[in-house]
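Secondary and tertiary structure notes
Letter by letter, the chains look like this.
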Amino acid sequence: MSFLTLIYKPNFKKAPIVSLNGEPVLLFNQQQHTLLDVLEIKKVNIFSECRNGFCGSCKTRINKGSVTYISEPLVELEADECLPCCCVPETNLDLDLTTDEPSNLYVQHNKTLITLD
């Protein structure tokens, strides 16, 4: 007599949904490297100078949810902030960002408008 063995994967969890000011924009399926990578792929207007050595430039306010860091942030963060360049969503995540602005503008941190001319 043989028995069917079922394997339970305790680390399996539902892919987090990432929203921008309450509007869902993507399902983070762990195939992306960082939150910043996937936001850029989705054409979200987020300012970052991370790859040019200016750590902290992508700092973003979290409206709801949590992140896990894949590398230690080099800047001090408040409890409701994250650095998308070095984190991934741990839970469903709502960020204080928007995609409805022209490409030379971005809205971040309490909707402060910053021009990137």
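Residues numbered from 1 in each chain as written. Predicted model: local features only at pLDDT ≥ 70, side-chain atom pairs only at ≥ 80, totals over all residues. Heavy atoms only, no water.

**Quick look at the sheet that holds strand E3 (residues 60-64)**
Here we have five strands laid out as an open sheet, ordered E2-E1-E7-E3-E5, and mixed in their pairing. Here the strands that pair on one side only, and so sit at the sheet edges, are strand E2 (23-27) and strand E5 (81-82). Direction of pairing for E3 relative to strand E7 (residues 93-95): antiparallel, over a ladder of two bridges. Bridge pairing in E7 places Lys 64 opposite Asp 94. (Pairing = 2+ DSSP bridges. Helix = DSSP H or I, 4+ residues; strand = E, 2+ residues; numbered from the N terminus.)

**A closer look at the side chain of Ser 57**
Among the secondary structure elements, Ser 57 is positioned in the loop between helix H1 (35-41) and E3. There is a polar contact of 2.6 Å between the side chain of Ser 57 and the backbone nitrogen of Glu 49. Beyond its immediate stretch of four places on either side in the chain, Ser 57 contacts Phe 47, Ser 48, Glu 49 and Cys 50. (Polar contact = N/O pair within 3.5 Å; in protein donor to acceptor, adjacent residues only side chain to side chain. Contact = heavy atoms within 4.5 Å.)

**Here's the deal with the pattern of salt bridges**
All told, the structure shown has three salt bridges when counted by the stated rule. Residue Asp 37 pairs with Arg 51 through a salt bridge whose shortest N-O separation is 3.3 Å. With Asp 37 in helix H1 and Arg 51 in the loop between H1 and E3, this residue pair connects regions lying 14 residues apart in the sequence. We classify Asp 37 as partly exposed; its relative accessible area is 21%. The exposure class assigned to Arg 51 is exposed, which follows from its relative accessible area of 54%. For Glu 40, the salt bridge identified is with Arg 51, shortest N-O distance 2.9 Å. Of this pair, Glu 40 sits in helix H1 while Arg 51 sits in the loop between H1 and E3; the two residues are eleven residues apart in sequence, bridging distant segments of the chain. What you see here is one network of salt bridges that share partners, running through Asp 37, Glu 40 and Arg 51. (Salt bridge = Lys/Arg side-chain N within 4 Å of Asp/Glu carboxyl O. Buried < 20%, exposed > 50% of the residue type's maximum accessible area, 1.4 Å probe, protein only.)

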